[in-house]
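Architecture and fold: a report
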Amino acid sequence: MIDTGILLGVMTELSCLILLGLLLTKIHLLDEKGSSVLSTLVVHVFNPALIISSVLNGGSESNDNTVLEAILCGILLYALLILIAVLVYMRSKASNEETSICKMIMIFSNTAFVGYPILRALYGDFAVFVFSLMHLPFNILIFTYGRALLQQGMHKKITMKDLLSIGTVSSIIALVIYFGNITLPDPCVDFFSVLGDACVPLSMIVIGASLAGVSWKEIIRNRSINKVVFLRLIILPIILAMITLFLPISQFNRELLVISGALPAGSMVVVLAKEYKANDALASAGVFSTTLLSVITIPLMLSLLL
């Protein structure tokens, strides 16, 4: 069971870091270029280091069954997310472009920037490793199914580089370390730990910086955004919590699945929307809205459901 007090404390700390990023941007100590550089470092250096550090520091906290179960749960999770998104928007009156963006907001969550810090604080290092394995399908689906939603007649070849993103590679490395019972020298463990520790504050500061330029008046008036935000942050975790009651899985993986449903939309939705010129303003509004409101909804939903 999740300790609500710890969860509220974690979300308060993360909120303060988000506000710090917002403040740094407002007083011009952090600009768009600086925020972009920080984001790149988080994605390509600090997040991978956190995943590897999590198995080096917490590899003895669980067993092989939990790890293998998490991988199977991840496959089931993304199959369910796609099914739910398709059913919800089956008879949508919105344009195909708008519907595609909303489906992506429903399916792809911010596992790294928001999920990892929360899990590390609530469960410890090993939970980050297990969670990264549960969300391995993300890295494949975002470049296959996600692109298929946005292409609209465009044909861009999907390369092996797209599928083997740094997040996927670091998870595979962590998996090899875990099942191979590989022990690294203490200086190496400390090196990855230091880099991993930097992931949490920097990722929150980047989120805060990205919120600085949002026009909330336009977001509030957009019915599509209001609908998908409600579905993503409130309805989705409830649906997943109900489904997990019927699954023969551990309580630990059940909680990870529910947390997956409660997370805000992932920033990759915006990246791909910009790449395909598919209403990236709508994608940005959805990601920003779910990120900001998740500070309130995550403690609320997890305390109620878990």
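This text follows the structure it describes.
Summary of the structure given here. As the structure is a prediction and not an experimental result, all values here were calculated from the model.

Some remarks on the overall build of the protein
Along the backbone of the protein there are 15 helices and zero strands. What you see for the protein is a C-alpha radius of gyration of 18 Å, in line with the 19 Å of a compact globule of 306 residues. When its C-alpha atoms are laid out on the principal axes, the protein stretches across 55 × 50 × 45 Å. Every one of the 306 residues in the protein was classed for burial, and the buried ones make up 53%. Surface exposure of the protein reaches about 14,100 Å², of which carbon and sulfur atoms provide 66%. Each charge class in the protein was averaged separately, 18 positive and 18 negative side chains, and the resulting centres sit 16 Å apart.

Details of helix α5 (residues 111-123)
Compared with an ideal rise of 1.5 Å per residue, which puts 13 residues at 18 Å, α5 spans 15 Å between its outermost C-alpha atoms and falls more than 12% short. For α5, the full list of buried residues reads T111, A112, F113, V114, G115, Y116, P117, I118, L119, R120 and L122. Remark: G124 follows α5 within two positions and exhibits a positive phi of approximately 110 degrees.

Comments concerning the packing of helix α3 (residues 64-88) against helix α13 (residues 251-262)
With their axes 10 Å apart at the nearest point, α3 and α13 run at an angle of 35 degrees to one another. Crossing hand, α3 versus α13: right-handed. Seen from α3, the contacting residues are T66, E69, A70, C73 and L77; seen from α13, they are F252, N253, L257 and S260. Class assignment of the residues belonging to the contact of α3 with α13 gives a composition of five nonpolar, three polar and one charged.

The rules we used
Residues numbered from 1 in each chain as written. Predicted model: local features only at pLDDT ≥ 70, side-chain atom pairs only at ≥ 80, totals over all residues. Heavy atoms only, no water. Helix = DSSP H or I, 4+ residues; strand = E, 2+ residues; numbered from the N terminus. Rg over C-alpha atoms; globule rule 2.2 N^0.38 Å. Buried < 20%, exposed > 50% of the residue type's maximum accessible area, 1.4 Å probe, protein only. Areas by Shrake-Rupley, 256 points an atom, 1.4 Å probe, with all protein chains shown as cover. Lys, Arg positive; Asp, Glu negative; His and termini not counted. Charge placed at Lys NZ, Arg CZ, Asp CG, Glu CD. Expected span 1.5 Å × (residues − 1). Axes fitted to C-alpha atoms, helices over the stretch in contact; angles between N-to-C directions. Left-handed = near helix turned anticlockwise from the far one by under 90°. Contact = heavy atoms within 4.5 Å. Nonpolar A, V, L, I, M, F, W, Y, C, P; charged D, E, K, R; others polar.

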